[in-house]
Amino acid sequence: MRIALTYNVRLNSSEEEAEFDSPETIDTIARTLERAGHHVERAEVTGPASRLVAQLEAFAPDLIFNAAEGRRGKTRRAFYPALFEELGIPYTGSDSYTLCVTLDKAMTKRILAGFGVPSPRGRLVTRESMRVGGLEDFVFPVIAKPNFEGSSKGISQRSVADDAVELGKTLDDLLATYPEGVLVERYLQGTDVRVVRVDGGPKLAPVEMVVDPTYPRRHEILDYALKHEDWRFVTRKTPPRLPARTLERLDELATRAFEALGMRDMAALDFRITGDGENYFLSAAPLPSLEPETTVFVAMAAAGLDYDATIRAVVRSACTRAGLSSLLDATKPRPKGRRTALRVGLAFNMKRIDSHDGDDREAEYDAPHTIESITKAIESHGHTVVPLEATPDFPRTLMASNVDVVFNIAEGISGRNREAQVPNLCELLGVPYTGSDSATLSICLDKGLAKRMLGDVETPAFQVLFTGKEKLRPLRYPVIVKPNQEGTSKGITTKSVVDDEARLRELARELIEKYGQPALVEEYVTGREFTVGLLGERRPRVLPPMEVVFLTQQERPVYDYTCKQDCDKHVRYEVPAKLTKDELRAIEKVCRATFMTLGCRDVARIDLRMTSDGRVYVIEVNPLPGLTPDYSDLCLISNGAKIEYRALIGEVLSGAIKRWREREEGKLTASREPPPPAETTPELASN
């Protein structure tokens, strides 16, 4: 099976990340799934949800093994399962509703009370409710705990209060950190017991939490320190040292609670057993810790099952529910349905001339290293890559390749529509491809045309010269002169900025003759230089801007062809760029408007200049940006945004896969529709 492992990784020992999984735990889960014969894609969910969606679209998993806790908010645990449901991908664990409800301790206890499951008496306290008083109404001692947290976050020995004054101090401290609310309930002395259920495994005995009597503590509670810092003082024993009648009652209440809350696959419930044998529900854990030697695995080990068997049981339970059981048997043929691994054609133009020698004819083409890197990244998502060099034989090669989608980095051979050549052929043959469509690629390559289409988006005043003899518009000097239909800063040098008409015309004629295309003249904008990457489609995600900082003091610096070929000598890159909130907001607004106005999709890079008074000008739009690892601007931007190279390629690829899937679903729908009734002519009807 293809399984995506979703999680939040714990990067430090702070209480904020207490619910997250350590890198070691993630490695253990992934290796366990791989030992079971599954292809595992790790998906750390921190960051924009669009990135996760793109990663899932690119990998196309059969099942998601979900361990993601979410980072903030009262519905954080429910967010990712709700997203998986929207995407139509089965996942392990409880559904989004159960995860939302069980994070709210007060609501969970209110629900279970309706099913006859007792809890210590208590109520939710907020800043607002504290203003009307009433703390003296509690029956002391009480314990105060954050209402929307797990892993004993916010619970310490100070959480137990013996009177209203002490409780008030505790609540002030807790509400400062956890403003959503604090649950205050009667503190009961007794034995802490956890009941674990693994649906794909045997019935498990409860686990008793026994704290070393030498451990210094004022109250018998499993606080944050015991769970995370002093856990060596806690012994997990199963079965508990409790009377048979108490255990029977515990089993009855736990079964009732599991069913009432809709917990599934793997979950746990915490109870406190008082000295008189009464069972009180404390909390629910629909996403119990998967670290080895925690309660779940102690209970399974007592039943004779190890860590691997536990993880396999969870997967088996989820597969049974989703109708995927046949995928667990490698000897059985894969059932027909949703395809996961695709044949991906990689369309490219290979660079065979060294651009450092001053010959820029193939400057926009990709080196073998880049093609190999993209190939490996696509293959890492489980797909087969078919190389398709965009030579004059490309139409025949594409037709014979039988690819599902095309990952397009081909620059084309010649002409102002050259970047649209591969997309045009893909459209003709009905093959989905990555990146912008042929119209957008043609428009953006023609700098003058793209600027005319930008409308309200600011761009330097310009004029396109076809001969160099045209009457000039009243542009303000200095101006910069460049080829109108080239990328990679071809034709741009330090001499491209001119101060008078004579030099402007001379340079324009040189460029027209050399490149066989018009020259673009535009006002030179003095200011900071930025380049910004965007990913997505209708509402693209704007990546952190990267500033191009020139190393030498120049009056009018230009990010020219020489800079890009030997960047270390001329510039340094700052990503994320140092910007105020207002400056960042302005750049993001301009980039998003530019992307949408020109009809870009999947990926693009936009070059900008920002003046000292904060005005942002679009210099150029590149809907087919370079993808050389650790070199191309977009890849440097992605590094700054903490996006791995394979994830970047996967996100770009996901757009084509989504369009391929929509096309396949459209075909399936059309095949199921009944044929239209045959038309009957009046003559036949009368007979």
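What counts as what
- Residues numbered from 1 in each chain as written.
- Predicted model: local features only at pLDDT ≥ 70, side-chain atom pairs only at ≥ 80, totals over all residues.
- Heavy atoms only, no water.
- Helix = DSSP H or I, 4+ residues; strand = E, 2+ residues; numbered from the N terminus.
- Contact = heavy atoms within 4.5 Å.
- Pairing = 2+ DSSP bridges.
- Axes fitted to C-alpha atoms, helices over the stretch in contact; angles between N-to-C directions.
- Parallel < 35°, antiparallel > 145°, perpendicular 65-115°, else oblique.
- Left-handed = near helix turned anticlockwise from the far one by under 90°.
- Nonpolar A, V, L, I, M, F, W, Y, C, P; charged D, E, K, R; others polar.
- Buried < 20%, exposed > 50% of the residue type's maximum accessible area, 1.4 Å probe, protein only.
- Core = buried A, V, L, I, M, F, W, Y, C linked by side-chain atoms within 4.5 Å.
- Expected span 1.5 Å × (residues − 1).
- Polar contact = N/O pair within 3.5 Å; in protein donor to acceptor, adjacent residues only side chain to side chain.
- Phe/Tyr/Trp six-rings, centres within 6.5 Å; stacked < 30°, edge-to-face > 60°.
- Lys NZ or Arg CZ within 6 Å of the ring centre and 35° of its normal.

Novice: For this particular structure, what's the right way to read the overall build of the protein chain?
Specialist: Within the protein chain, the regular secondary structure consists of 23 helices and 25 strands. C-alpha atoms of the protein chain, sized along the principal axes, occupy 100 × 80 × 60 Å. Sequence-distant contacts, at least 24 apart, represent 71% of the contacts inside the protein chain between residues at least 6 apart.

Novice: I would appreciate a short explanation of the sheet that holds strand β6 (residues 160-161) in the present structure.
Specialist: Sheet strands associate in pairs through backbone hydrogen bonding, adopting either a parallel or an antiparallel arrangement. Pairing in this open sheet of 4 strands is antiparallel, and the strands run β4-β7-β5-β6 from one edge to the other. Each end of this open sheet is capped by a strand with a single partner; those strands are β4 (122-125) and β6. The pairing of strand β5 (residues 142-146) with β6 spans 2 bridges and is classified as antiparallel. Along β6, the bridge assignment pairs V142 with A161. Set on the sheet, helix α5 (residues 105-113) makes contact with β4, β5 and β7 (182-186); between it and β7 the angle comes to about 45 degrees. The sheet contacts of helix α7 (residues 164-177) involve β4, β5, β6 and β7, and relative to β5 the element is tilted by about 10 degrees.

Novice: Whenever I open this one, the sheet that holds strand β8 (residues 191-198) confuses me. Can you help?
Specialist: An order of β10-β9-β8-β11-β12 is seen for the 5 strands of this open sheet, with the pairing classed as antiparallel. Every interior strand has two partners, whereas the edge strands, β10 (234-237) and β12 (279-285), have only one. For this sheet the average axis-to-axis angle between neighbouring strands, irrespective of direction, equals 30 degrees. Two elements, strand β9 (residues 207-211) and β10, share 4 bridges in a ladder whose sense is antiparallel. Within β10, the residue paired with E208 across the bridge is K237.

Novice: It is not clear to me how the packing of helix α13 (residues 394-401) against helix α14 (residues 421-429) should be interpreted in this structure. Could you clarify?
Specialist: How two helices pack is summed up by the angle between their axes together with the distance between the axes. Running from amino to carboxyl end, α13 crosses α14 at an angle of 40 degrees, the nearest separation of the two axes being 11 Å. Between α13 and α14, the angle falls in the class oblique. For α13 against α14, the interelement crossing comes out right-handed. Seen from α13, the contacting residues are F394, P395, L398 and M399; seen from α14, they are V422, L425, C426 and L429. The residue inventory of the contact of α13 with α14, partitioned by class, reads 8 nonpolar, no polar and no charged.

Novice: What am I meant to see in helix α21 (residues 633-640) here?
Specialist: Along α21, 7 of the 8 residues are buried, which leaves the element largely enclosed by surrounding structure. Taken together, the buried positions of α21 are D633, L634, C635, L636, I637, S638 and G640. Among the residues trailing α21, K642 stands out with phi positive, at a value near 65 degrees.

Novice: Where do I start with the nonpolar core in this structure?
Specialist: Side chains of a nonpolar character, in soluble globular proteins, are inclined to be buried together. Membership of the largest hydrophobic core comes to 34 residues, with the highest contact counts inside it found for L5, L33, F65, V198 and L290. Secondary-structure elements contributing two or more residues to this core are β1 (2-7), α1 (23-35), β3 (63-66), β8, β11 (266-273), α10 (295-302) and α11 (307-322). The greatest single-element share of this core, amounting to 7 residues, is contributed by α11. Once residues within four sequence positions are removed from consideration, L290 is found in contact with D21, T25, I29, F65, A67, M266, F297, Y307 and I311.

Novice: What is the right way to look at the environment of L504 in this model?
Specialist: Structurally, L504 can be placed in helix α17 (residues 501-515). Along the primary structure L504 and G468 are separated by 36 residues, whereas in three dimensions their C-alpha atoms are 8.4 Å apart.

Novice: Mind showing me how you'd approach the pairing of strand β20 (residues 528-536) here?
Specialist: In summary, the side chains of a regular strand alternate between the two faces of the sheet. Buried residues dominate β20, accounting for 7 of its 9 residues. Here 9 bridges tie β20 to strand β24 (residues 602-610), and the two strands are oriented antiparallel to one another. What sits directly across from T531, in β24, is D607. The pairing of β20 with strand β22 (residues 546-550) spans 3 bridges and is antiparallel. Within β22, the residue paired with F530 across the bridge is E547. Where β20 and strand β21 (residues 541-542) come together, 2 bridges link them in antiparallel fashion. Across the sheet, the residue bridging to L534 is V542, located in β21. Connecting the antiparallel pair β20 and β21 is a turn made up of 4 residues.

Novice: Would you mind going over α7 with me for this structure?
Specialist: Structural remark: α-helix, 3.6 residues per turn; residues separated by three or four positions point the same way. With 14 residues, α7 extends 20 Å between its outermost C-alpha atoms, agreeing within 8% with the 20 Å of an ideal straight helix rising 1.5 Å per residue. Buried within α7 we find L167, G168, T170, L171, L174 and L175. Two or three places before V165, at the start of α7, stands the capping residue D163, its side-chain oxygen 3.1 Å from that residue's backbone nitrogen.

Novice: What's the story with unusual backbone geometry in this structure? I'm lost.
Specialist: Residues other than glycine predominantly adopt negative phi, and peptide bonds predominantly adopt the trans conformation. Going from F140 to P141, the amide bond is cis rather than trans, its omega being 0 degrees. Note on placement: P141 falls in the loop between α6 (127-130) and β5. Here the bond from V575 into P576 is cis, since omega is 0 degrees, no more than 30 degrees from zero. In this structure, P576 sits in the loop between β23 (571-574) and α20 (581-597).

Novice: Hey, could you run me through the packing of aromatic side chains in this one?
Specialist: When we look at a pair of aromatic rings, we describe it by the centre distance and by the angle of the planes. Summed over all chains, the structure comprises 5 aromatic pairs. With a centroid separation of 4.4 Å and 25 degrees between ring planes, the pair formed by F297 and Y307 is classed as stacked. Here F297 is found in helix α10, whereas its partner Y307 is found in helix α11, with 10 residues between them in sequence. The two residues F297 and Y307 agree in class, both being buried. Its end group placed over the ring of F59, R2 keeps NZ or CZ at 4.3 Å from the ring centre. For R601, the ring lying beneath its charged end belongs to Y433, and the centroid distance is 5.1 Å.

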